[in-house]
Amino acid sequence: TSLLSSAESKAEDPAIPLADATTGDIGELPPISDVIQVHDSGEEWIHKGRWLRYGRVVFSNKRSDADKRISWEFTERTTRVAKSGLDAVDVVGRIRYKAKERADEILLILNYRPPVHQMVIEFPAGLIDEGETTMEAALRELKEETGYVATASSNSSESPELFVDPWKSRENLALVMLDIDGDAPENQSPKQKLDDA
């Protein structure tokens, strides 16, 4: 596997080895400043809305055509307040039962998403609020969006920063794994308590 060094990949572009073919070890990538030059015009913000702002950055690829300037459009959330530098959490909730004959379940939700005008199957998710840790946000969002209650435990885990769609957005999140006690009284008749969008 290799990582092409160009934003617009071409066959003649040099490739940066991403992993050793025999061991799978990931090598050290060169500093981004060795590959990409962001020009003096820097970032330009074109539009700002309630949730997102839309901008453009101009850069060159030093490894292919350093004189060719590439203008790249992208979006960024306007809502990031977390000291962690994260926008949001996605919650992978595993409902576990004591009865051996009942299998664990992964909790998913249906959400209407206006850009695609469809109901979409998703993990429960949401923005991290001011002063919240990633885990606190995950527990809150799980309860709001599904009604289920979980607690942080030794089985809970958080991913490092993940980019949702880095070709067009700076949006990032952490994936949080939580166990939900399916036998607990508070989880017998869960009810959503959603905020207004």
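Residue numbers run consecutively from 1 along every chain, following the written order of its sequence. This being a predicted model, a pLDDT of at least 70 is required before a residue's local features are given, and a value of 80 or more before pairs of side-chain atoms are given or counted; all residues contribute to the totals for chains, interfaces and linings. Each side-chain value is derived from all of the structure's non-hydrogen atoms; neither hydrogens nor water enter the calculation.

### A word on the overall build of the chain
Stage number 1. Numbering of helices and strands runs from the N terminus; a helix is a DSSP stretch of H or I covering at least four residues, while a strand is a stretch of E covering at least two. Helices and strands together make up the secondary structure of the chain, namely two helices and 13 strands.
Stage number 2. Of all 197 residues assigned to the chain, the portion counted as buried reaches 31%.
Stage number 3. Counted over contacts in the chain with a minimum sequence separation of 6, partners at least 24 positions apart contribute 52%. Classification of residues uses two cut-offs on accessible area relative to the type maximum, computed with a 1.4 Å probe and protein chains only: under 20% is buried, over 50% is exposed, and between them is partly exposed. In what follows, residue pairs with any heavy atoms lying within 4.5 Å of each other are defined as contacts.

### Some points on the side chain of Thr-146
Stage number 1. Turning to its location among the elements, Thr-146 is positioned in helix 2 (residues 134-146).
Stage number 2. A polar contact is formed between the side chain of Thr-146 and the backbone oxygen of Leu-142, at a distance of 2.6 Å.
Stage number 3. Any pair of nitrogen or oxygen atoms within 3.5 Å is treated as a polar contact; in protein, a donor-acceptor pairing is required on top of that, and neighbouring residues in sequence qualify only through side-chain atoms on both sides. Engagement of the side chain of Thr-146 in a polar contact is seen with the backbone nitrogen of Tyr-148, the distance being 3.0 Å.
Stage number 4. With sequence-adjacent residues up to four places away left out, Thr-146 is seen in contact with Leu-107, Ile-109, Pro-124, Glu-141, Pro-190, Lys-191 and Gln-192.

### Focus on the side chain of Asn-187
Stage number 1. Position of Asn-187 among the secondary structure elements: in the segment after strand 13 (172-181).
Stage number 2. Each residue touching Asn-187, except ones within four places of it in the same chain, is listed here: Gly-147, Tyr-148, Val-149, Ile-180 and Asp-181.

### Quick notes on a nonpolar patch on the surface
Stage number 1. On the surface, Ile-106, Leu-108, Leu-110, Tyr-112, Met-119 and Ile-121 cluster together into a nonpolar patch covering about 640 Å² of accessible area.
Stage number 2. Counting residues per element, the ones that place at least two in the nonpolar patch are strand 8 (109-113) and strand 9 (118-122).
Stage number 3. Residue placement: Tyr-112 occurs in strand 8.
Stage number 4. Residue Tyr-112 is classed as partly exposed on the basis of its relative accessible area, which comes to 41%. Put simply, a patch holds well-exposed residues, over 30% relative accessible area, that have no salt bridge, with like charges counted together within 9 Å and Val, Leu, Ile, Met, Phe, Trp or Tyr side chains within 5 Å. Accessible areas in this description were obtained via Shrake-Rupley with a 1.4 Å probe; residue shielding takes into account the shown protein chains only. Salt bridges are defined as contacts in which a side-chain nitrogen from Lys or Arg sits within 4 Å of a carboxyl oxygen from Asp or Glu.

### What to know about the confidence of the model for the chain
Stage number 1. Per-chain confidence: the chain averages 85 in pLDDT, with 84% of residues scoring 70 or above.
Stage number 2. Element-level mean pLDDT values for the chain span from 40 in strand 1 (residues 2-4) up to 97 in strand 9.
Stage number 3. The score called pLDDT rates the predictor's confidence residue by residue, from a low of 0 to a high of 100. Ignoring residues within four places in sequence, the model shows residues 1-14, a span with pLDDT below 50, making 27 contacts including any to other chains.

### Remarks on helix 2
Stage number 1. Expected helix span is taken as 1.5 Å per residue step, with the number of steps being one fewer than the number of residues. Along its 13 residues, helix 2 runs 18 Å from first to last C-alpha, staying within 8% of the 18 Å computed at 1.5 Å per residue.
Stage number 2. A large share of helix 2 lies buried, amounting to 10 of its 13 residues.
Stage number 3. Listing the buried residues of helix 2 in full gives Thr-134, Met-135, Ala-137, Ala-138, Arg-140, Glu-141, Leu-142, Glu-144, Glu-145 and Thr-146.
Stage number 4. Summarising the contacts, the buried residues of helix 2 are in contact with strand 6 (88-96), strand 7 (105-107), strand 8, strand 10 (125-127), strand 11 (157-158) and strand 13.

### Some points on the pairing of strand 9
Stage number 1. Relative to strand 9, strand 8 runs antiparallel, the two sharing five bridges. Among the inter-strand pairings, Tyr-112 is bridged to a residue of strand 9, identified as Met-119.
Stage number 2. The hairpin formed by strand 8 and strand 9 contains four residues between the paired strands, and His-117 there has a positive phi angle of roughly 50°. Two strands pair if DSSP finds at least two bridges between them.

### Describing the pairing of strand 6
Stage number 1. Two strands pair when backbone bridges link them, and strand 6 and strand 10 are joined in this way by three bridges, in the antiparallel orientation. Each residue of the ladder has a partner; that of Ala-88, found in strand 10, is Leu-127.
Stage number 2. Examined bridge by bridge, strand 6 and strand 13 share nine bridges and lie parallel to one another. If you follow Gly-93 over to strand 13, its bridge partner there is Leu-178.

### Here's the deal with the packing of aromatic side chains
Stage number 1. Stacked, tilted and edge-to-face are the three classes applied to pairs of Phe, Tyr and Trp rings, where Trp contributes its six-membered ring and a pair requires centres within 6.5 Å; stacked means planes under 30 degrees apart, edge-to-face means over 60, and tilted covers the rest. Tallied over the full model, the rule gives two aromatic pairs.
Stage number 2. On the basis of an interplanar angle of 70° and a centroid distance of 5.4 Å, the ring pair of Trp-45 and Phe-74 is categorised as edge-to-face. With Trp-45 in strand 3 (residues 36-48) and Phe-74 in strand 5 (residues 70-77), this residue pair connects regions lying 29 residues apart in the sequence.
Stage number 3. Residue classification places Trp-45 among the partly exposed residues on the basis of a relative accessible area of 32%.
Stage number 4. Geometrically, the ring pair formed by Phe-59 and Trp-72 is tilted, given 6.4 Å between the ring centres and 55° between the ring planes. Taken as a pair, Phe-59 in strand 4 (residues 52-61) and Trp-72 in strand 5 lie far apart in primary sequence, 13 residues in all.
Stage number 5. Judged by relative accessible area, which is 27%, Trp-72 ranks as partly exposed.
Stage number 6. Across from the ring centre of Trp-45, 3.6 Å away, lies the NZ or CZ of Arg-53, which sits over that ring. Any Lys NZ or Arg CZ found within 6 Å of a ring centre and within 35 degrees of that ring's normal is scored as a charge over the ring.

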